[in-house]
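What the coordinates show
So the chains spell out like this:
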Amino acid sequence: MASNPRVSILDYFNIVFEGENGKIESNCKACGTRIQAKRTVTSNFVTHLKRKHQAMYDEFVKKKDIKRESYTSTSVAVAGGGRVDSAARSSHSSGSSSSTSSAGGGGGGGGSGGGFAKFDRNDPRQVIISEAIAKMIIRDLQSVHIVESEGFRELLRLLEPRYTLESRKYVQQQLIPGYAYQVQLATKQALQAAESCSVTLDVWKSGQANGYLGVTCHFITADWQIKSALLACLRLAGQRTAERILSEYDEVSHAHGITGKVFRVVADAASESRASFRLPGFCAQSGEDEEEEEEEEEEEEDDSSDEEGAAEGKSRNPLDLCLGPRRIDCFARSLGLCVRDGLRASPQLSIALTKAACFYNYVTATVAPEKLQQVFGRAPATAAGAAGTGMAAAGAPAAGAPHTERRWNWQLKTVRRMLESADFLEEVVDRHDLTLSSFEKAVLRELVEVLEPFEEATDMVQGDKHVSISLALPCVLGLRKHLAETATRQCTGILVSLAQSLDRRLAAVLEDPLHVTATVLDPQFKLSWSSSGERHRQILLKEVVKYTPSPAPGEELPPAPSKRSKLFSFIMQRPASQAKSVEQEVAAYLHEDPTDEDPLQYWRRKATDFPQLAQVAKRVFTVPATSTPVERIFSTVGKILRPERCRLLPKNLETLIYLKANYRFLWT
């Protein structure tokens, strides 16, 4: 039988002298301090580690505990002539206590198991381990039933036999709700310090009768840092009317203390439809997503009926009546709908795209992953596993994005890489009937060329970072210019349809005061994009005056009172600097050249020079250009709700989602 490794305090010291009667002198390996003691009395060494090197001391204690536990279990095994379970070990060591009650009980009392006194519930080590378990459940969205798993219990008994495992009831009814309450308090405290915020409302359908309402909040702190928080992810059973959505939203706003602070609410007219859609005919997925595709088709039909109603002049969005001018459409979704309109105008494209998808699926299923890295940067997900793993080729949207492999921009990247490496791919496959013809390649190359700026704009506003609406107006202008300058032979219908849809859905952005203000206050743009600079300058002035009341034109602002020390009153007082009017601030701001500096960092630096403009900037830059964060939440909810995975009650799921999204407010 192998003996346990020696654990000694002297492992952390270098012995330099050993005399009679066991007297030794040694140097600390960490700091070199000379310590004198006897081999049989090592308290000097232990005290030095505890006072000077806490991490090394903790490591030493942990090794001693593991050795002691190993010794206990080995002794029991030898006495019993073989292997025994943890309950037998505990019974042998303590004589009367049961390991089942001590390791699995929810109480925090004493007791012993495996030869060790159990932690009290208030013991720091007990609290830290319980918190770590809660973090694991939250971050991995695990069911609290995991604390009842025998494998999980055995792991904890091995790692820390003194820990008293909390019961499922305690974790579910006290620990997790307690953290949710702390997160809500932390979020409310952060929002109280914010001057204003913007909110995103989104609704996701889960089946015919159920749905989820997501509410996210975005605000800028005093040091010009953008913060985002999930305020709620609520299950909506039955009718999802605008009145009910507004009622839930009002309750959430009141609970988080943002009533009266909301600057804008991003909520789509067709808020029950998801923005993701694929290139027509390009299906690089397994058959398990057929139900999702059917659901997507139903949503597209809903969108069509909404558009028909709008064309007839009917108001089909009661949210407008309730939210009024505060409501704006999600720019990212409107941009996606423009692309979808353009793709619908050329049904013949689906033939080439369907063949490209078949070729892609065959390649990923038959070619060695290391070879495909030359094409896709890394081995792409196979058709059978793409939906389950969520893997994407390099350059695709960030991992974790909702339904990444089903988004049109991810698929367009895939088509581009296939065309760039067509010769290589045709050499490594043995199915020449699946290879693309010259005509099909020409059609797909034109498609990639036409949609590339739309892909760039989509990637820009749907990234992981918060993107404000200051990018919306320049994107629309850039897309207009691209469509006007592009000439095609096979995709003429797409060009025309894209231009028409862009004008119908996004032309209003070019004159919208909010978008104009946000773009001008973005230091990388200012008025460099404008062909009517003076008119847009006046729009900016009106918006600034609206949110920062100032004296009438020609009337000077009173100088700020100057506080002088009596001690230095003999020095001639310098004239106080006069505060600038709004017109002067705007003129001085626009006189400076545009810069690529991050907008929030720029206004953090310039808030003193342009205080009135900075006050407006702190409002407009809270408005997100996309609702992607809440879409990611819905994607996570959808995966959890699959029958084979769902073990969470709706209320528990809402709490875990809330904690996962706001994890950084409680733990960093």
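This text gives an overview of the structure that appears in the document. (Residues numbered from 1 in each chain as written. Predicted model: local features only at pLDDT ≥ 70, side-chain atom pairs only at ≥ 80, totals over all residues. Heavy atoms only, no water.)

A short note on the overall build of the protein
Per the secondary structure count, the protein includes 27 helices and ten strands. Within the protein, the proportion of its 668 residues that are buried is 46%. Pairs at least 24 residues apart make up 68% of the contacts formed inside the protein by residues separated by at least 6 positions. Working note: accessible area of the protein is about 33300 Å², and carbon and sulfur atoms make up 51% of it. (Helix = DSSP H or I, 4+ residues; strand = E, 2+ residues; numbered from the N terminus. Buried < 20%, exposed > 50% of the residue type's maximum accessible area, 1.4 Å probe, protein only. Contact = heavy atoms within 4.5 Å. Areas by Shrake-Rupley, 256 points an atom, 1.4 Å probe, with all protein chains shown as cover.)

Quick look at the nonpolar core
Grouped together as the largest cluster of nonpolar side chains are 91 residues, with contacts concentrated most on L451, F454, L521 and W603. Once you skip the residues sitting within four places of it in the chain, W603 turns out to touch W224, L521, P523, Y589, F610, L613, A614, A617 and F621. I133, L230, C233 and I657 belong to the second largest nonpolar core, which has 31 residues in total. (Core = buried A, V, L, I, M, F, W, Y, C linked by side-chain atoms within 4.5 Å.)

Quick notes on the packing of aromatic side chains
Enumeration according to the criterion identifies nine aromatic pairs in this entry. Centre to centre, the rings of F282 and Y360 are 6.3 Å apart; their planes meet at 40°, and the pair counts as tilted. Of this pair, F282 sits in the loop between strand 9 (262-266) and helix 9 (290-311) while Y360 sits in helix 12 (residues 349-366), and the two are 78 residues apart along the sequence. Look at Y360 and you get buried, because its relative accessible area is 2%. Relative to Y602, the ring of Y589 has its centre 6.1 Å away and its plane inclined at 65°; by these criteria the two rings are edge-to-face. With Y589 in helix 22 (residues 582-591) and Y602 in helix 23 (residues 599-606), this pair connects stretches of sequence that are 13 residues apart. The exposure class assigned to Y589 is buried, which follows from its relative accessible area of 0%. (Phe/Tyr/Trp six-rings, centres within 6.5 Å; stacked < 30°, edge-to-face > 60°.)

Details of the side chain of T221
With respect to the helices, strands and loops of the structure, T221 is situated in the loop between strand 7 (210-220) and strand 8 (226-237). Among the polar contacts made by the side chain of T221, one reaches the side chain of D223 at a distance of 2.4 Å. In this structure, T221 is in contact with K227 and K618, ignoring residues within four places of it in sequence. (Polar contact = N/O pair within 3.5 Å; in protein donor to acceptor, adjacent residues only side chain to side chain.)

Digging into helix 19 (residues 492-506)
Between its first and last C-alpha atoms helix 19 spans 21 Å; for 15 residues at 1.5 Å apiece the expected length is 21 Å, and the two agree. The complete set of buried residues in helix 19 reads I494, L495, S497, L498, S501, L502 and L506. (Expected span 1.5 Å × (residues − 1).)

Overview of unusual backbone geometry
One non-glycine residue with positive phi stands out, namely L141, at about 50°. Mapped onto the fold, L141 is located in the loop between helix 5 (124-139) and helix 6 (150-159). The class of L141 is buried, set by a relative accessible area of 9%. In this model, K526 sits at a positive phi of 50°, which is unusual for a non-glycine residue. For K526, a relative accessible area of 3% translates into the label buried.

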